[in-house]
Amino acid sequence: MDLDVFVTTHRAEWDRLDHLLGRGRLLTGAEADELVALYQRTATHLSLIQSSAPDPMLTARLTQLIARARATVTGTRRASWRDAADFLTAGFPAAVYRSRHWWIPTAILSTLLAALIGWWIGTHPEVQSALGAPAELREMTRPGGAYETYYSSHPAASFSAQVWTNNAQAAATCLVLGAFLGLPVLYILFANMLNVGIGIGLMTSAGRLDVFLGLILPHGLLELTAVFVAAGTGLRLGWTVIDPGPTTRRAALAQQGRAAIGMAIGLALVLFVSGLLEGFVTPSGLPTWARISIGIAAELAFLVYVYVLGGRAARAGDTGDVAEADRTAELPTAA
């Protein structure tokens, strides 16, 4: 394509579109129709230029022109409480449900890894010695030691806030860094499972595994599920870089990225609940069976939420992406 000839041929259309956009709401009906037609043609022009004769300055001008035209044609829309309700009852659970083929295997493999690490540490005294001096390990695992007092060492409210912040940051990091082929996600996931495995191993060697599980299960079931969902979504985002599917890599990443942002918001709410459990239920004076029952109930409630509401929304076509009217316009691809 001869770029100079192309620009000369269509410059008048671009200038006309720019002029109509400058008039704002003062357009007649015929001029509004003309603006829509020019917007569509200019989008096609930009696609042709990008695929055949990319020019940075011209591309930037037409991109800006199309963005202004789209804002004028589609208008702006303010978020409402109905949007929040739709997100919580459809968008977020649908996104979690649709990514289940990623986070469920992640959860199973991670749990097996933590159990394997725990078994290795618990049955090999030399590994325990490498982790710390015998006196230090006894201090951690004894009745009233560090593992038991950790959850009651701070006021419940501030402890819940701290836990929620740390876990939300970890989940968001998994989602954001997933685009780097998922490698940072694997590191974060391994670090979490290593910590759990060390706790299992040390408390098992001290004959107090039941105490450890009684402390971690009330909040850990929901908390780790949220981490697994975040990690699975991050890995899915990383795989999209490798295999974007039938769409372009840019479009596939945009769709998965928007869903991941929504997932981060939803998981922050889930982790807020687990933080409350960790701050108020785990260190409470309730019997162990009662504390674990609360944790199981919270986990089951989340799974029912995902599989009932999310499954229904997913079957209705909800992907967890933002509404079509709120997405960036996708340019037609030149043949």
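Since we're looking at a predicted model, the values are computed, not measured.

Parameters at a glance
- Residues numbered from 1 in each chain as written.
- Predicted model: local features only at pLDDT ≥ 70, side-chain atom pairs only at ≥ 80, totals over all residues.
- Heavy atoms only, no water.
- Helix = DSSP H or I, 4+ residues; strand = E, 2+ residues; numbered from the N terminus.
- Rg over C-alpha atoms; globule rule 2.2 N^0.38 Å.
- Buried < 20%, exposed > 50% of the residue type's maximum accessible area, 1.4 Å probe, protein only.
- Axes fitted to C-alpha atoms, helices over the stretch in contact; angles between N-to-C directions.
- Parallel < 35°, antiparallel > 145°, perpendicular 65-115°, else oblique.
- Contact = heavy atoms within 4.5 Å.
- Nonpolar A, V, L, I, M, F, W, Y, C, P; charged D, E, K, R; others polar.
- Phe/Tyr/Trp six-rings, centres within 6.5 Å; stacked < 30°, edge-to-face > 60°.
- Polar contact = N/O pair within 3.5 Å; in protein donor to acceptor, adjacent residues only side chain to side chain.
- Core = buried A, V, L, I, M, F, W, Y, C linked by side-chain atoms within 4.5 Å.
- Salt bridge = Lys/Arg side-chain N within 4 Å of Asp/Glu carboxyl O.
- Expected span 1.5 Å × (residues − 1).
- Bend = angle between axes of the 7 residues up to and from the residue.
- Patch = residues over 30% accessible without salt bridge, like charges linked within 9 Å, V, L, I, M, F, W, Y side chains within 5 Å.
- Areas by Shrake-Rupley, 256 points an atom, 1.4 Å probe, with all protein chains shown as cover.

### Side note on the overall build of the protein chain
Along the backbone of the protein chain there are 13 helices and zero strands. Seen in sequence order, the protein chain has helices and strands lined up from the N terminus as α-α-α-α-α-α-α-α-α-α-α-α-α. Computed over its C-alpha atoms, the radius of gyration of the protein chain comes to 27 Å, more than 25% above the 20 Å expected for a compact globule of 335 residues. Counting only C-alpha atoms, the protein chain reaches 80 × 40 × 35 Å along its principal axes.

### A closer look at the environment of Y187
Note that Y187 resides in helix 10 (residues 183-205). For Y187, a relative accessible area of 62% translates into the label exposed. The sequence separation of Y187 and A260 amounts to 73 residues, and the corresponding C-alpha distance is 19 Å.

### Considering the packing of helix 4 (residues 81-98) against helix 13 (residues 288-315)
A packed helix pair is summarised by two numbers, namely the angle formed by the two axes and the spacing between the axes. It is at 7 Å that the axes of helix 4 and helix 13 come closest, and there the two elements cross at 95 degrees. The angle between helix 4 and helix 13 places the two elements in the roughly perpendicular class. Along the contact surface, helix 4 presents L88, T89, A90, F92, P93, A94, V96, Y97 and R98, while helix 13 presents F302, Y305, V306, Y307, L309, G310, G311, A313, A314 and R315. Counted by class, the contact of helix 4 with helix 13 contains 14 nonpolar, three polar and two charged residues.

### Focus on the packing of aromatic side chains
Any aromatic ring pair is given by two values, namely how distant the centres are and how the planes are angled relative to each other. One pass over the full model with this rule turns up six aromatic pairs. When the centroid spacing of 5.6 Å and the interplanar angle of 85 degrees are considered together, the rings of Y97 and Y307 count as edge-to-face. Of this pair, Y97 sits in helix 4 while Y307 sits in helix 13, and the two are 210 residues apart along the sequence. Its relative accessible area of 13% is what places Y97 among the buried residues.

### Quick look at the side chain of R291
Structurally, the position occupied by R291 is in helix 13. From its side chain, R291 meets the backbone oxygen of G214 in a polar contact 2.7 Å long. Setting aside anything within four residues of it in sequence, one finds R291 in contact with G214, L215, P218, V281, T282, S284 and L286.

### Overview of the nonpolar core
Soluble globular proteins tend to bury their nonpolar side chains together. In this structure, F92, V96, M263, L267 and F302 are the most contacted members of the largest nonpolar core, which totals 50 residues. Elements with a contribution of two residues or more to this core: helix 4, helix 5 (100-122), helix 9 (156-177), helix 10, helix 11 (209-242), helix 12 (249-281) and helix 13. For this core, the element with the most residues is helix 11, which contributes 11 residues. If you look at the next biggest cluster of nonpolar residues, it comprises 17 residues, including F6, V7, L35 and L62.

### Some details on the pattern of salt bridges
For the coordinates displayed, the defined rule picks out six salt bridges. One salt bridge connects E34 with R16, and the closest N-O pair in it is separated by 3.0 Å. Of this pair, E34 sits in helix 2 (residues 29-52) while R16 sits in helix 1 (residues 3-22), and the two are 18 residues apart along the sequence. Residue class for E34 comes out partly exposed when judged on its relative accessible area of 29%. When its relative accessible area of 29% is taken as the criterion, R16 is described as partly exposed.

### Considering the side chain of T282
Summarising the element assignment, T282 is placed in the loop between helix 12 and helix 13. Looking at T282, the relative accessible area reads 2%, which means it is buried. Those residues in contact with T282, other than ones at most four positions away along the chain, are Y151, L215, P218, H219, L277 and R291.

### A few points about helix 1
Between the first and last C-alpha of helix 1 there are 26 Å, a value that for 20 residues agrees with the 28 Å anticipated at 1.5 Å per step. Along helix 1, the sharpest change in direction is near 50 degrees and occurs at H10. Inspection of helix 1 places F6, V7, H10, E13, W14, L17, L20 and L21 among the buried residues, and these make up the whole buried set.

### Overview of helix 2
The first and last C-alpha atoms of helix 2 sit 35 Å apart over 24 residues, in line with the 34 Å expected at 1.5 Å per residue. Those residues of helix 2 lying buried are E31, L35, L38, Y39, T42, A43, H45, L46, S47 and I49.

### Looking at the packing of helix 12 against helix 13
Packing of helix 12 against helix 13 leaves a shortest axis separation of 11 Å and a crossing angle of 175 degrees. In terms of their interaxial angle, helix 12 and helix 13 are classed as roughly antiparallel. Residues V270, L277 and V281 of helix 12 form the contact with helix 13, whose participating residues are R291, I294, A298 and F302. Counted by class, the contact of helix 12 with helix 13 contains six nonpolar, no polar and one charged residues.

### What to know about a nonpolar patch on the surface
Together, W164, F272, V273, L276 and F280 line one region of the surface with nonpolar side chains, adding up to about 430 Å² of accessible area. When residues in the nonpolar patch are grouped by element, the largest group, four residues, is from helix 12. Relative to the helices and strands, F272 resides in helix 12.

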